[in-house]
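# Structure assessment
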Amino acid sequence: TNIRFGVNSATKYIQLTDATNTVFVIGNFDVVNHTTNIDLGTGGNWYELGKSDPTTFASSTYSIDLQPGEYRILSKNPLK
């Protein structure tokens, strides 16, 4: 598994990649709202934990508004 992370701002992420899947965990560790842009590496269908239908991204950039303490988990394949 390859690991990449960004921890230099209030919104932090970790990317886990192996031969069959890529997973991003993105969170806002501040007490105010933040908008962040994450480079997913590829567009197409991504699955968010807790949702059954994928979200389709036209590009590899994912722009998201996160409330304080809010996080998202995205995966190229559905998580079980």
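Residues numbered from 1 in each chain as written. Predicted model: local features only at pLDDT ≥ 70, side-chain atom pairs only at ≥ 80, totals over all residues. Heavy atoms only, no water.

## Considering the overall build of the protein chain
What counts is decided by this rule: The way it works is that DSSP assigns letters per residue, a run of H or I at least four long becomes a helix, a run of E at least two long becomes a strand, and they are numbered from the N terminus. It is over C-alpha atoms that the radius of gyration is taken, and the globule rule equals 2.2 Å times the number of residues to the power 0.38. Residue burial is assigned from relative accessible area. The probe radius is 1.4 Å, only protein chains are included, and a residue is buried under 20% of its type maximum, exposed over 50%, and partly exposed in between.
Secondary structure summary: the protein chain contains 0 helices and 8 strands in total. In the protein chain, the succession of helices and strands from N to C terminus is β-β-β-β-β-β-β-β. Since a compact globule built from 80 residues should have a radius of gyration of about 12 Å, the 12 Å found for the protein chain is in line with a globular shape. Summarising its shape, the C-alpha atoms of the protein chain cover approximately 35 × 25 × 25 Å along the three principal directions. Per-residue burial for the protein chain yields a buried fraction of 34% across its 80 residues.

## Focus on the environment of Ile14
This is how the line gets drawn: Contacts are assigned to residue pairs with any non-hydrogen atoms lying within 4.5 Å of each other.
Looking at where Ile14 falls in the secondary structure, it is placed in strand β2 (residues 11-17). With a relative accessible area of 31%, Ile14 lands in the partly exposed category. With near-sequence residues (within four places) excluded, Ile14 lies in contact with Ile3, Arg4, Phe5, Val23, Phe24 and Val25.

## What to know about the sheet that holds β2
Short version of the rule: Here, strands pair whenever DSSP counts at least two bridges between them. Fitting a line to C-alpha atoms yields each axis, with helices limited to the stretch in contact; the angle taken between N-to-C directions then spans 0 to 180 degrees.
Spatially, 6 strands are ordered β1-β2-β3-β8-β5-β6 in an open sheet, and the strand pairing comes out antiparallel. Looking at strand neighbours, the two that pair on one side only are β1 (2-6) and β6 (55-57), the edges of this open sheet. With strand direction ignored, the average angle separating the axes of adjacent strands in the sheet is 25°. For strand β5 (residues 44-48) and strand β8 (residues 71-75), the ladder comprises 2 bridges, and the chain directions are antiparallel. Among the inter-strand pairings, Tyr47 is bridged to a residue of β8, identified as Ser75.

## Notes on a nonpolar patch on the surface
Definition in use: Excluding any residue in a salt bridge, patches collect residues exceeding 30% relative accessible area, merging like charges within 9 Å and nonpolar Val, Leu, Ile, Met, Phe, Trp and Tyr side chains within 5 Å. Note that accessible areas follow from Shrake-Rupley with a 1.4 Å probe, and for residues the cover is restricted to the protein chains shown. When a carboxyl oxygen of Asp or Glu is within 4 Å of a side-chain nitrogen of Lys or Arg, the pair counts as a salt bridge.
A cluster of nonpolar side chains, Ile3, Phe5, Val7, Ile14, Leu16 and Val25, forms an exposed patch at the surface whose accessible area comes to about 500 Å². Counting only elements with at least two residues in the nonpolar patch, the list comes to β1 and β2.

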